[in-house]
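# Observations on the model geometry
Chain residues, written in single-letter form:
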Amino acid sequence: MHLPFQIFSPEEEISDPRFHEKDISLFIKRDDKIHPFISGNKWRKLKYQLEYAKSNDINNLVTFGGAWSNHLLACAAAAATFGFQATAYVRGEEIRNPVLDMCKIFGLKLNFVDRESYRDKTELYSKNHDPLNSLFIDEGGKSERGLLGCAELITELKQEYDHIFVASGTGTTTAGLQLGIEKEKLKSQIHTVPVLKGADGLLANFSQWNVPTEKIIMHPDYHFSGYAKTKPELIDFIKNFVSSTGIMVEPTYTGKLIYAVYDLIEKDYFKPKSKILVIHTGGITGLLGYLDLFNK
């Protein structure tokens, strides 16, 4: 069952004198424009989950995430849009913030659980939900269906790129892009920038879905101390990037990604004439937790 959802995600070239000097072309795929809340890879990872639920008369979505999770907000908005009930298990003590408040407005039922209980998500799900009338959606939307949704991005591209860059949290989007490259038989090189420390084994378990992750190049040195962490140089970079391009990014995912690409360009990582695509994976509401850092 196909859902009535319009995709708008153009490829826009970013102009910068440094790129001209190095004979590099840089484009950004604006998945952030897909939807204000179901944006970027969040929609791509949810698409086939939602279609499966509709086709099987499943009414309740059950998912998981942290207190500032863009995935939770996307699930909340998607459930309201397509007629589902939705429940989320939120890691940690009960708090309020703008992201969770928006989730509640969309009708998402929030259950706060301690970190120890949160580790066993399948146990939380099986103890509290009927699998015949609910769908387990893992943290960040990681699943085989999510993988297939992310792979579709490759079929939308208007031109072929030498290099395609994406940030990694669960690794689903990165693995999906590689799957799309394989299916379309393109020569583009997939690169990923993990946003958390210790991400060496991040892509290992995608081999169960026949993704040749050994072909993906990982750039592990741009996490800025770990997930949801940052440093003044990243904040300064984002301020300059946003004010010079008009493209909003946040420090958790896309900000780190674009910082990495600019740094690699500065270090002559790419051959002249290279055409590079950066995937903007949305999640701009994640910026709300960092606003104080941008006003110092």
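Residues numbered from 1 in each chain as written. Predicted model: local features only at pLDDT ≥ 70, side-chain atom pairs only at ≥ 80, totals over all residues. Heavy atoms only, no water.

### Let's talk about the nonpolar core
- Within the largest apolar cluster, 33 residues are counted, with the highest numbers of intra-cluster contacts made by Leu 26, Phe 165, Phe 241, Ile 258, Tyr 262, Ile 265 and Ile 276.
- Contributing elements (two or more residues each) for this core: strand E2 (25–30), strand E7 (163–168), helix H10 (232–245), helix H11 (254–266) and strand E10 (275–280).
- For this core, the leading source of residues is H11, giving seven residues.
- Counting 31 residues, the second-largest nonpolar core is a separate cluster that includes Ile 34, Cys 75, Ala 78 and Ile 137. (Core = buried A, V, L, I, M, F, W, Y, C linked by side-chain atoms within 4.5 Å. Buried < 20%, exposed > 50% of the residue type's maximum accessible area, 1.4 Å probe, protein only. Helix = DSSP H or I, 4+ residues; strand = E, 2+ residues; numbered from the N terminus.)

### Things to note about the pairing of strand E4 (residues 85–91)
- In terms of burial, E4 is largely enclosed, as five of its seven residues are buried.
- With six bridges connecting them, strand E3 (residues 60–65) and E4 associate as parallel partners. Paired with Thr 63 across the bridge in E4 is Ala 88.
- The handedness of the E3 to E4 crossover, carried by helix H3 (residues 70–82), is right-handed.
- Relative to strand E5 (residues 109–113), E4 runs parallel, the two sharing five bridges. Looking across to E5, one finds that Ala 88 is bridged to Leu 110.
- As for the winding sense of the linkage, the β-α-β connection from E4 through helix H4 (residues 98–105) to E5 is right-handed. (Pairing = 2+ DSSP bridges. Right-handed = clockwise from strand over helix to strand, strands pointing away.)

### Digging into the side chain of Thr 63
- The residue Thr 63 is located in strand E3 in this model.
- Exposure remark for Thr 63: the relative accessible area of 2% places this residue in the buried category.
- Polar side-chain contacts of Thr 63 include one of 2.8 Å to the backbone oxygen of Ile 137.
- Non-local contacts of Thr 63, meaning those with residues more than four positions away in its chain, are made with His 71, Leu 72, Cys 75, Thr 87, Ala 88, Tyr 89, Ile 137 and Asp 138. (Polar contact = N/O pair within 3.5 Å; in protein donor to acceptor, adjacent residues only side chain to side chain. Contact = heavy atoms within 4.5 Å.)

### So, empty space enclosed by the protein
- Applying the stated rule across the entire model yields one cavity of 30 Å³ or more.
- Taken as a whole, the largest cavity holds about 40 Å³ of empty space.
- Every residue lining the largest cavity is listed: Pro 36, Phe 37, Ser 39, Asn 70, Leu 73, Gly 283, Ile 284 and Thr 285.
- Classifying every residue of the lining of the largest cavity by side-chain character gives four nonpolar, four polar and no charged. (1 Å grid on protein atoms, 1.4 Å probe; cavity = no way out; pocket = protein on both sides within 12 Å on 5 of 7 lines; lining within 4 Å. Points joined across faces, edges and corners; volume = space filled by probe spheres on them. Nonpolar A, V, L, I, M, F, W, Y, C, P; charged D, E, K, R; others polar.)

### Looking at a nonpolar patch on the surface
- Together, Trp 68, Leu 288 and Leu 291 give the surface a local cluster of nonpolar side chains, amounting to about 240 Å² of exposed area.
- Mapping Leu 288 onto the fold places it in the loop between E10 and helix H12 (291–294).
- Exposure remark for Leu 288: the relative accessible area of 33% places this residue in the partly exposed category. (Patch = residues over 30% accessible without salt bridge, like charges linked within 9 Å, V, L, I, M, F, W, Y side chains within 5 Å. Areas by Shrake-Rupley, 256 points an atom, 1.4 Å probe, with all protein chains shown as cover. Salt bridge = Lys/Arg side-chain N within 4 Å of Asp/Glu carboxyl O.)

### Examining the pattern of salt bridges
- Tallied over the full model, the rule gives 16 salt bridges.
- Measuring nitrogen to oxygen at the nearest pair gives 2.8 Å for the salt bridge that ties Arg 96 to Asp 101.

### A look at the sheet that holds strand E8 (residues 189–194)
- Within the open sheet, the six strands sit side by side as E1-E2-E10-E7-E8-E9. Their pairing is mixed. Edge strands, defined here as strands with exactly one partner in the open sheet, are strand E1 (11–14) and strand E9 (217–218).
- Of the pairings in the sheet, the one linking E8 to E9 comprises two bridges and is parallel in character. Within E9, the position partnered with Thr 192 by the bridge is Met 218.
- With respect to the sheet, helix H9 (residues 172–184) is in contact with E7, E8 and E10, its orientation differing from that of E7 by roughly 155°. (Axes fitted to C-alpha atoms, helices over the stretch in contact; angles between N-to-C directions.)

### Description of the layout of surface pockets
- Space inside the largest pocket adds up to approximately 1,000 Å³.
- Lining the largest pocket are 42 residues; nearest its centre among them are Gly 66, Arg 91, Glu 139, Tyr 227 and Tyr 253.
- Elements represented by at least two residues in the lining of the largest pocket include exactly helix H2 (41–55), H3, E7 and H9.
- Of the residues belonging to the lining of the largest pocket, the class tally is 10 nonpolar, 22 polar and 10 charged.
- There is about 230 Å³ of room inside the second largest pocket.

None of the figures reported here should be taken as evidence of function without further support.
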